[in-house]
Structures are given as C-alpha cells and as structure tokens.
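# Residue-level structural notes
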Amino acid sequence: KLYNGAIRLLLLHIKMGDKRWVDLDAVQHRAHAMRLLDGLDVTGREKRLRVARAILYMAQGTFAECGSEAEMQHWIRYNVFLLLGVGTFSALVELLNMEIDNSAACSSAVRKPAISLADSTDLRVLLNIMYLIVETIQQEDPADPPEWRASRETFRTELGSPFYNSEPVSVMLFAMVTKFCSGHAPHFPMKKVLLLLWKTILFTLGGFEELQQLKVCKRAEFGLPRLPEDSISVIRSMRAASPPASASDLIEQQQRKTRREHKVHALIKQENLDAFNEKDPYKADDARDDDDEGDDNDNNENALEAEPFPLERDDVMPPPLPHLPPTDRVSFPKGLPWAPKVREKDIETFLECSRSKFIGYTLGNDTDTVVGLPRPIHESIKTLKLHKYVSIAEVQIVKEEEYQKTPLSAGEEEVELCATELLYQGILPSLPQYMIALLKILLAAAPTSKAKTDSINILADVLPEEMPTTVLQSMKLGMDVNRHKEIIVKAISAVLLLLLKHFKLNHVYQFEYMAQHLVFANCIPLILKFFNQNIMSYITAKNSISVLDFPYCILHDLPELTAESLEAGDNTQFCWRNLFSCINLLRILNKLTKWKHSRTMMLVVFKSAPILKRALKVKQAMMQLYVLKLLKVQTKYLGRQWRKSNMKTMSAIYQKVRHRLNDDWAYGNDLDARPWDFQAEECSLRANIERFNNRRYDKSALNPEFLPVDNCLQSVLGQQVELPDDFQMNYDLWLEREVFSKPICWEELLQ
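Scoring rules and cut-offs
Residues numbered from 1 in each chain as written. Predicted model: local features only at pLDDT ≥ 70, side-chain atom pairs only at ≥ 80, totals over all residues. Heavy atoms only, no water. Helix = DSSP H or I, 4+ residues; strand = E, 2+ residues; numbered from the N terminus. Buried < 20%, exposed > 50% of the residue type's maximum accessible area, 1.4 Å probe, protein only. Contact = heavy atoms within 4.5 Å. Core = buried A, V, L, I, M, F, W, Y, C linked by side-chain atoms within 4.5 Å. Polar contact = N/O pair within 3.5 Å; in protein donor to acceptor, adjacent residues only side chain to side chain. Patch = residues over 30% accessible without salt bridge, like charges linked within 9 Å, V, L, I, M, F, W, Y side chains within 5 Å. Areas by Shrake-Rupley, 256 points an atom, 1.4 Å probe, with all protein chains shown as cover. Salt bridge = Lys/Arg side-chain N within 4 Å of Asp/Glu carboxyl O. Axes fitted to C-alpha atoms, helices over the stretch in contact; angles between N-to-C directions. Parallel < 35°, antiparallel > 145°, perpendicular 65-115°, else oblique. Left-handed = near helix turned anticlockwise from the far one by under 90°. Nonpolar A, V, L, I, M, F, W, Y, C, P; charged D, E, K, R; others polar.

A few words on the side chain of Asp346. Here Asp346 is to be found in helix H17 (residues 344-358). For Asp346, a relative accessible area of 16% gives the class buried. Apart from residues lying up to four places away in sequence, Asp346 is in contact with Leu661 and Asn662.

As structure tokens, then:
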C-alpha cells in the first residue's frame with residue numbers, strides 16, 4: 001500500500017503499455033530515469049515527494065516485478081548504478097540541503113509537543129535513497145562490468161572530497177547531527193542520518209581490512225619493518241575462554257551441585273555415579289560454565305543449561321577436540337597468539353637501571369653502549385632489540401617535533417590530500433561539538449539510560465502519529481523502539497571507531513585531538529555505564545521481527561502475527577548487531593586509554609574492573625580479548641588482593657593479550673604505577689595538538705618573521721588588492737575625510 005502511488009507514477013512515466021520495467025532495454029531505462037530526475041526539479045512539494053518515492057522504488061529493485069530475492073538483488077544493483085549514472089545523487093544532496101535549511105519545518109517541529117513519523121517524511125525518503133546508493137555501490141562484486149567499477153571509484157572519490165556543496169557529504173551529515181542535538185531540528189530522523197554517515201565514512205575511508213593494507217604501505221613508506229602478524233587473522237583464530245567464577249557463583253554452583261547429587265542418588269547407585277565421574281573428568285568444568293551463564297538470567301536458566309551459548313555452536317566456532325587416547329590425539333604447537341613487542345623507551349629504562357646497578361652512572365638515551373655490564377645483560381638487551389617495535393605514531397611525533405623546532409630547515413610539509421585528510425579538515429572547526437552530539441545520542445540510546453526531561457528525543461522517526469490501541473500493536477512498537485535504539489548504538493560506535501583508527505594512521509595528533517575531546521565529553525564513564533547492565537541479556541535480545549524485514553516482507557505472504565509469536569521471537573538466539581556494538585565500544589575504550597596513565601586511572605576510579613569482568617561471561621573471543629586488555633592496563637592499580645582472588649582472569653590475560661617485555665603489569669612494580677600529576681600529562685598533550693593544528697591548518701597563525709619579504713617596488717605596486725564592497729561604495733567619502741580635508745605638510749614629508 002505504501003508504494004502503490006510510487007509504482008503508478010513510475011508506470012505513468014514509462015508509458016509503455018503493458019510492458020514491465022524488467023522487460024525494457026537499457027536505453028529505455030536511462031530515458032525514464034532521466035525523466036524521473038527532471039521530476040525532482042519542481043516547486044510542488046507533493047509532486048516532488050511522489051517522484052522521490054518512485055526513485056526509491058527503483059532503488060529497491062522494483063520489487064513488485066521480482067519473484068525471488070536473487071532477482072531483486074540483481075535489479076537493485078542495476079537500478080542503483082543507473083541512478084548514479086544520470087546524476088541522481090547530486091540532486092538528492094541538493095534536496096537534502098534544502099530540507100536542512102527549511103526553517104519553516106524546523107520551527108514547526110520545535111513548537112510541536114510530540115513529533116512523529118509524519119514530520120520527517122521527505123527527509124526519510126531522501127535519506128533512504130542515498131543510503132541504498134552508498135550501501136549498494138560500496139559492496140564490490142567481481143561480476144561488475146568495467147564501467148561500473150570505474151563509476152564506483154569515481155563516486156568514492158567524489159563522496160570523500162568537497163565535490164557536493166563544497167564539503168564532504170560526511171561533514172554535512174555531522175552538521176545535521178549537531179543541529180538535531182541543539183534542539184533546532186528535533187524532527188531529523190537520526191537513525192537514518194547516522195546510518196548514512198557510517199556507510200559514507202566506511203566507503204570513503206575504508207574498512208578494517210583496507211586499513212590494515214594502508215598500515216602496511218605506510219610502514220614501508222617510513223622504512224619500518226613489517227608487522228609481526230596480521231591482527232585480523234590472529235583474532236579470527238582465537239578461541240573463547242570460560243568466564244571466571246565469582247564468589248557468589250561458586251556458592252551457588254556448590255548448592256546446585258548438591259541438588260543434582262540428591263536427584264542422581266534417587267535414580268542411580270553410588271558406584272555407577274563414581275564410574276560416570278571417572279569417565280568424564282571435565283564434568284565439573286561444564287557444570288561451572290552452565291552455572292555462570294544461568295546466573296546472568298535466572299528466568300532463562302533452564303533454557304541456557306539445555307543449550308549452550310550460541311557463540312559456541314559449530315556454525316561460529318569449531319567444536320572442541322574429542323577425548324581421544326594419547327596415541328590418537330592431534331598435537332598442536334603451543335605458543336602465545338601474539339609476538340611480543342618492546343618500545344625504545346623500555347630498552348632505555350632497562351639499560352638505565354642496569355647501569356645504575358652495576359656501574360653507578362647513566363648515559364641518557366644511549367641504547368648501544370654496554371661496556372662494563374655483565375654477559376646476561378648483553379643477552380637481555382639483544383633479546384629486547386630483537387622484538388623492538390617502532391610504531392607509525394612514534395615516527396610522526398618525531399617528524400612533528402622537527403617541524404616545530406626547525407621550521408625553516410625542515411621545509412614545508414607535503415600533506416597527501418587523501419579522504420581521511422579531507423574529512424579531518426572538514427570537521428576540524430567543529431569537531432568538539434560533533435563528538436558531544438554523538439555522545440549525547442549514544443547516552444539517550446543506551447539501555448541503561450533513564451528517561452529524563454532534559455534528554456533529547458531520538459524516537460521521532462519511529463513513533464507513529466496515533467499511539468497503539470491493542471496489545472499486539474504495543475508489543476510491535478516496543479520492539480521497534482528497542483531495535484531503533486540498538487541500531488543507533490551500532491552506527492555511533494562504528495563511526496567513532498572508524499574515525500579513531502583512520503585518524504591515527506593518517507596522523508597521530510589528529511587521533512589524539514579527537515580522543516581528547518571524547519575524554520573531555522565523558523566518553524569513558526558513558527561506555528562503562530553502557531556495560532553496567534546484564535550484558536548477556538543485551539546480546540541475546542530479540543527485538544527484530546524477521547517476517548517484517550526487507551525484502552522478506554514484500555516477496556512472501558506474511559503470516560498472522562500474534563502477541564504469542566512476537567513474545568516467542570524467531571530462531572536466532574543472539575543478536576549480532578548488539579555484539580558488534582559491544583565490541584566496538586570496548587575497542588574505543590582501549591583506544592582512549594592505551595598508554596595514557598591518567599585515563600587508565602579513570603577506569604580504576606570508576607570501578608570498571610567488576611563491570612568488565614561481568615562482560616567476560618560472553619563467550620566470544622574478540623570481545624573477551626578487548627575486555628582482558630582493559631583489565632590488564634589497570635591490574636597494577638587494583639592491589640594484591642584483587643589479583644589474588646582473580647587468578648583465572650590473570651591467566652586469561654597471559655594467554656590472550658600481547659606481552660610487552662619488561663612490563664610488570666601483574667605486579668605493580670613499574671614506575672608508571674607511582675602517583676604523578678595526571679593533569680600535566682593531558683595539558684602537555686593538548687599543547688602538542690594545538691601546535692600541530694596551528695602549524696598545518698591555521699595559515700593565519702603563521703609567524704610573520706618566517707614569511708618571505710617582497711623588496712621589488714614594481715611587484716608590490718602591481719599587486720591586485722581586493723577592496724571590500726562597502727569601501728568601494730563609500731570611496732568618495734573616504735577621499736574627502738582622509739585626504740582632502742586633512743592638511744599635508746610636504747616639507748615634513750621630504751625631511
């Protein structure tokens with residue numbers, strides 16, 4: 001029903017009798033796409049909306065004429081490249097800018113007591129088409145013809161450069177986010193804006209695999225050795241560990257074990273029970289795992305015990321090895337998953353301590369002189385240097401120091417205008433506001449947040465005009481609202497992580513600038529608040545109705561939905577969307593706190609250890625890895641008693657997290673564990689960031705002493721000077737006031 005008008009309009013434009021869209025040839029397709037594009041350039045809002053709906057129907061694959069999902073996917077890709085070829089995206093950007101600047105719609109939405117879906121219809125249609133175009137084109141297909149591949153690369157370049165409206169599209173979308181959070185445009189459909197922002201950044205900058213390739217190329221460009229391993233491959237091959245049991249878990253486990261033994265005694269003789277226990281020495285471990293999972297959700301205890309957590313199933317992870325006789329067991333090489341790393345600073349610290357101990361003097365930053373040191377110290381230094389790792393960030397910091405110290409001899413820096421650099425230049429003036437806006441929306445979408453009067457309304461593009469009147473409608477709306485929030489969290493977490501990783505690779509001070517503003521906007525306690533919930537329930541949440549998902553809902557006959565079927569949910573026992581969000585947020589937290597002792601102390605102050613330890617109950621290797629990293633950096637501050645009572649967690653850290661040689665993370669003997677001025681660390685970093693931004697981007701802040709001087713009279717007099725319009729209009733008055741009315745003593749001038 002929703003697209004009947006659009007379909008009729010499309011057929012009206014086609015004017016081919018009984019012929020369907022799929023029966024026309026390429027020339028006819030292009031002609032009708034051009035005709036639809038002309039229909040967007042009209043003043044009537046209703047007609048423009050009908051044409052936009054027809055284009056949206058095209059971008060969705062003209063689904064009314066498709067019989068299968070594969071056929072529909074083919075027509076989606078064909079129609080999207082057709083729309084891109086005739087210039088539809090440029091027209092959509094112009095229309096979106098017009099809707100953003102529509103002050104009448106903004107003022108009307110501000111005055112409304114309750115905003116619903118009807119207030120953002122035009123924006124949602126435009127954003128839907130743009131999202132479909134970006135998402136379809138960013139996915140590479142080996143079967144694409146050469147002209148499509150060329151069109152894809154051209155579109156990617158245009159999307160990341162100031163081609164549309166003299167700024168990257170991502171900057172325009174960031175401006176929509178801040179306008180929404182400021183309260184000037186509460187009708188903006190934030191979920192669709194954030195999804196389009198995420199996909200635009202993902203397409204223009206690249207995903208994690210492309211990022212890894214860029215990292216390899218950049219290291220080769222700086223003359224650094226190759227990476228010791230591919231982190232993506234290592235993480236994919238890791239296995240999840242059993243969650244550590246807390247004291248309450250152990251007590252309850254003992255009680256359940258006692259109850260089980262009473263039941264078994266009633267059915268089996270004691271000697272048979274003993275024989276059974278001898279056959280299965282891992283029975284106690286399995287019982288412990290079940291108890292840990294059941295502890296998170298007491299209502300679903302029986303279901304969790306009957307079936308293991310889905311992330312341990314065969315379709316996600318390989319099954320454990322069967323208990324074979326010693327002769328038949330497969331032997332695997334034992335070792336740690338990561339190659340150890342050593343920083344130059346660690347080698348210097350080790351040498352300084354060794355010289356002070358054995359010789360009684362120090363040599364500063366000298367890491368080559370080993371005269372007078374014992375033979376074992378020589379071997380230790382050799383081992384440390386063998387695993388020395390120099391990061392791209394360290395090289396960039398050294399180069400920046402050279403530019404700051406010797407601006408003349410260092411010369412002018414050659415900045416590659418890649419997509420990341422262009423995006424940073426675009427968002428630099430308002431980056432603090434963008435970060436605050438994203439975190440505000442993340443706070444409003446977090447499941448642990450309570451509704452407050454001063455919080456922003458992120459449900460404007462999910463609430464209908466008329467509120468539900470039946471139980472079934474209320475359940476559907478409740479699931480829609482929860483799904484809506486989950487998608488917003490997913491999009492924001494992905495945007496922040498992508499920006500942090502790409503900025504860090506492009507230049508470390510770009511990353512530090514964004515990270516510092518995230519820290520100043522309370523990102524660390526916000527993420528900890530997000531995880532301070534029943535994380536197992538969040539990851540196993542069922543807030544999707546699969547029969548209503550696109551394209552299933554239009555290619556199949558919909559079954560009758562009842563309250564019971566909605567409550568039962570579908571067959572999926574975990575939500576990849578929520579797992580993706582949790583991993584992203586943990587990675588962001590790692591990025592913000594890595595090598596920053598003041599921020600690590602924030603983790604300790606906010607009591608993050610028990611929160612993170614509960615997150616280990618999710619048996620997914622990647623999520624556990626980043627939780628263990630966060631626990632490792634603060635272990636030295638948590639005290640001996642915590643380490644003593646969490647030895648299983650310590651063991652998991654040792655097994656899964658990369659080792660830094662000479663890092664006493666488990667004992668607290670490091671110099672960094674001692675108190676110092678945390679504020680000075682952040683202030684020093686902020687001063688370095690400001691110097692970098694001023695040197696590279698603020699051309700007005702150039703020191704006049706370093707500017708070249710033109711001593712030629714003819715060239716100085718021949719320069720074209722642009723005078724302001726008001727000066728030119730009042731030039732006669734200026735002459736009268738400044739020249740004619742003032743007496744000039746020519747003798748004094750000559751002297």
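Picking up after the structure, the text goes on.
Soluble, globular proteins show a tendency: their nonpolar side chains are buried together. Ranked by size, the top nonpolar core spans 164 residues in total, and within it Phe89, Phe155, Ile441, Phe531 and Met623 carry the most contacts. Per-element accounting of this core gives the leading share, 15 residues, to helix H22 (residues 471-506). Setting aside residues no more than four positions away along its own chain, Met623 makes contact with Phe531, Ile535, Ile539, Leu579, Cys582, Ile583, Leu586, Ala615 and Val618. Counting residues in hydrophobic clusters, the runner-up holds eight residues, among them Phe350, Leu351, Leu373 and Ile381.

Side chains that are three or four residues apart share a direction in an α-helix, a result of its 3.6 residues per turn. Across the eight residues of helix H30 (residues 608-615), six count as buried, placing the element largely inside the fold. For H30, the complete set of buried residues consists of Ser608, Ala609, Ile611, Leu612, Lys613 and Ala615.

Relative to the helices and strands, His659 resides in the loop between helix H33 (647-656) and helix H34 (678-697). A distance of 3.0 Å separates the side chain of His659 from the backbone oxygen of Tyr654, its partner in a polar contact. When near neighbours in sequence (up to four residues on either side) are disregarded, His659 contacts Leu336, Pro340, Lys341, Lys632 and Tyr654.

The next point concerns a nonpolar patch on the surface. On the surface, a cluster of nonpolar side chains totalling about 330 Å² of accessible area is made up of Phe358, Ile359, Tyr361 and Leu363. Residue position: Tyr361 is located in the loop between H17 and helix H18 (375-386). For Tyr361, a relative accessible area of 35% gives the class partly exposed.

This next bit is on unusual backbone geometry. Each neighbour pair has its own omega, and for Phe550 with Pro551 the value is 10°, a cis peptide bond. Here Pro551 shows up in the loop between helix H25 (535-539) and helix H26 (552-555). Even without being a glycine, Thr62 presents a positive backbone phi close to 40°. Turning to its location among the elements, Thr62 is positioned in the loop between helix H3 (45-59) and helix H4 (69-85). The phi dihedral of Asn522 falls on the positive side, at around 65°, and the residue is not glycine.

What follows concerns the pattern of salt bridges. Two side chains bearing opposite charge may form a pair once their charged atoms approach each other closely. Tallied over the full model, the rule gives 24 salt bridges. The partner of Asp119 in a salt bridge is Lys112, with the nearest N and O atoms 2.4 Å apart. Here Lys112 falls in the partly exposed class, since its relative accessible area comes to 37%. The residue Glu400 makes a salt bridge to Arg695 at a minimum N-O spacing of 2.7 Å. Of the two residues, Glu400 is situated in helix H19 (residues 392-405) and Arg695 in helix H34; the sequence distance between them amounts to 295 residues.

Let us look at the packing of helix H7 (residues 121-138) against helix H10 (residues 190-205). Direction vectors running N to C along H7 and H10 enclose 25°, while the axes themselves pass 10 Å from each other. Taken together, the axes of H7 and H10 lie roughly parallel to each other. Handedness of the crossing formed by H7 with H10: left-handed. Judged by residue contacts, Arg124, Leu127, Asn128, Met130, Tyr131, Val134, Glu135, Ile137 and Gln138 of H7 engage Lys192, Val193, Leu195, Leu196, Lys199, Thr200, Leu202 and Phe203 from H10. Here the residues of the contact of H7 with H10 sort into ten nonpolar, three polar and four charged.

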